[in-house]
Amino acid sequence: FPADELAEIADEQENGSNVEAEEDPIPKRRKKKHQLKIIAPMRTEKVCLHNHSAGETCPNCSTGKLYNDKPRTRKTIVSTSFVEIVVAELETLRCRSCEHSEQAPEPEVIQQSHAGLHASVIALLANLRYCQGMTSWRIQDFTQNMGLRIDDSRQFQAFEWASQQIKPVFESLEHAAANAKLVCRDDSPMKIILL
């Protein structure tokens, strides 16, 4: 503080002059409680009463009738499996005389797979490997503990296949970045002045 302001504050304290309180102080804002945004998949299970149904006589008072009320809800967080195996049983018809067979088309989940791994699993493994820093050996042990071992060599083959799928997008982004007028670093907004 400047010297003159300090002198004024000292005078006010000595004279005992108090600043009058405002009549209508500004109310403090209430802090919002931290709400957890749930993006995990939720499954709803309907539990029915087997002993009673709507329209029956109340077992408590024996005079009124039961009716459907708003259901009560209870929530709990359950740990699900890391991956899920999808087995597609394709219906096949065969001719007895010429041995010709007709087979149902593969579902979309099988068509979007490579070497038995769906694109969603490949993306999850790539996230663990290249974003979270887990080595392929550690991912192999992790998946084995979850009940399904995905070898490190199989992971590498899946990553190679996925990289070929997104290579046109990468090349397009690379072309756009090469022709950009403004270049920024990936981890800060600082402009690159000289390359």
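For clarity, every value in this text was computed on a predicted model and none was experimentally measured.

A. Up close: a nonpolar patch on the surface. A surface patch of nonpolar side chains, about 300 Å² in accessible area, is lined by Ile85, Val87 and Leu148. Among the structural elements, leucine 148 can be located in the loop between helix 4 (136-145) and helix 5 (152-178).

B. Up close: the environment of lysine 46. Structurally, the position occupied by lysine 46 is in the loop between helix 1 (3-15) and strand 1 (92-94). C-alpha separation for the pair lysine 46 and threonine 73, spaced 27 residues apart in sequence, amounts to 9.7 Å.

C. Examining the nonpolar core more closely. Val83, Leu117, Val121, Ile122, Leu125, Leu128, Met134, Ile139, Ile150, Ala158 and Phe159 together form the largest nonpolar core, which totals 11 residues. The element that contributes the greatest number of residues to this core is helix 3 (residues 119-131), accounting for four residues. Apart from residues lying up to four places away in sequence, alanine 158 is in contact with His114, Leu117 and Ile122.

D. A look at the packing of aromatic side chains. Counted under the stated rule, the structure contains one aromatic pair. With a centroid separation of 5.5 Å and an interplanar angle of 65°, the aromatic rings of tyrosine 130 and phenylalanine 159 are classed as edge-to-face. Here phenylalanine 159 lies in helix 5 and tyrosine 130 lies in helix 3, a separation of 29 residues in the sequence. Over the ring of tyrosine 130 we find arginine 129; its NZ or CZ atom is 5.2 Å from the centre of that ring.

Here is what the cut-offs are and how they apply
Residues numbered from 1 in each chain as written. Predicted model: local features only at pLDDT ≥ 70, side-chain atom pairs only at ≥ 80, totals over all residues. Heavy atoms only, no water. Patch = residues over 30% accessible without salt bridge, like charges linked within 9 Å, V, L, I, M, F, W, Y side chains within 5 Å. Areas by Shrake-Rupley, 256 points an atom, 1.4 Å probe, with all protein chains shown as cover. Salt bridge = Lys/Arg side-chain N within 4 Å of Asp/Glu carboxyl O. Helix = DSSP H or I, 4+ residues; strand = E, 2+ residues; numbered from the N terminus. Core = buried A, V, L, I, M, F, W, Y, C linked by side-chain atoms within 4.5 Å. Buried < 20%, exposed > 50% of the residue type's maximum accessible area, 1.4 Å probe, protein only. Contact = heavy atoms within 4.5 Å. Phe/Tyr/Trp six-rings, centres within 6.5 Å; stacked < 30°, edge-to-face > 60°. Lys NZ or Arg CZ within 6 Å of the ring centre and 35° of its normal.

Geometric descriptors of this kind do not, in isolation, establish any biological role.
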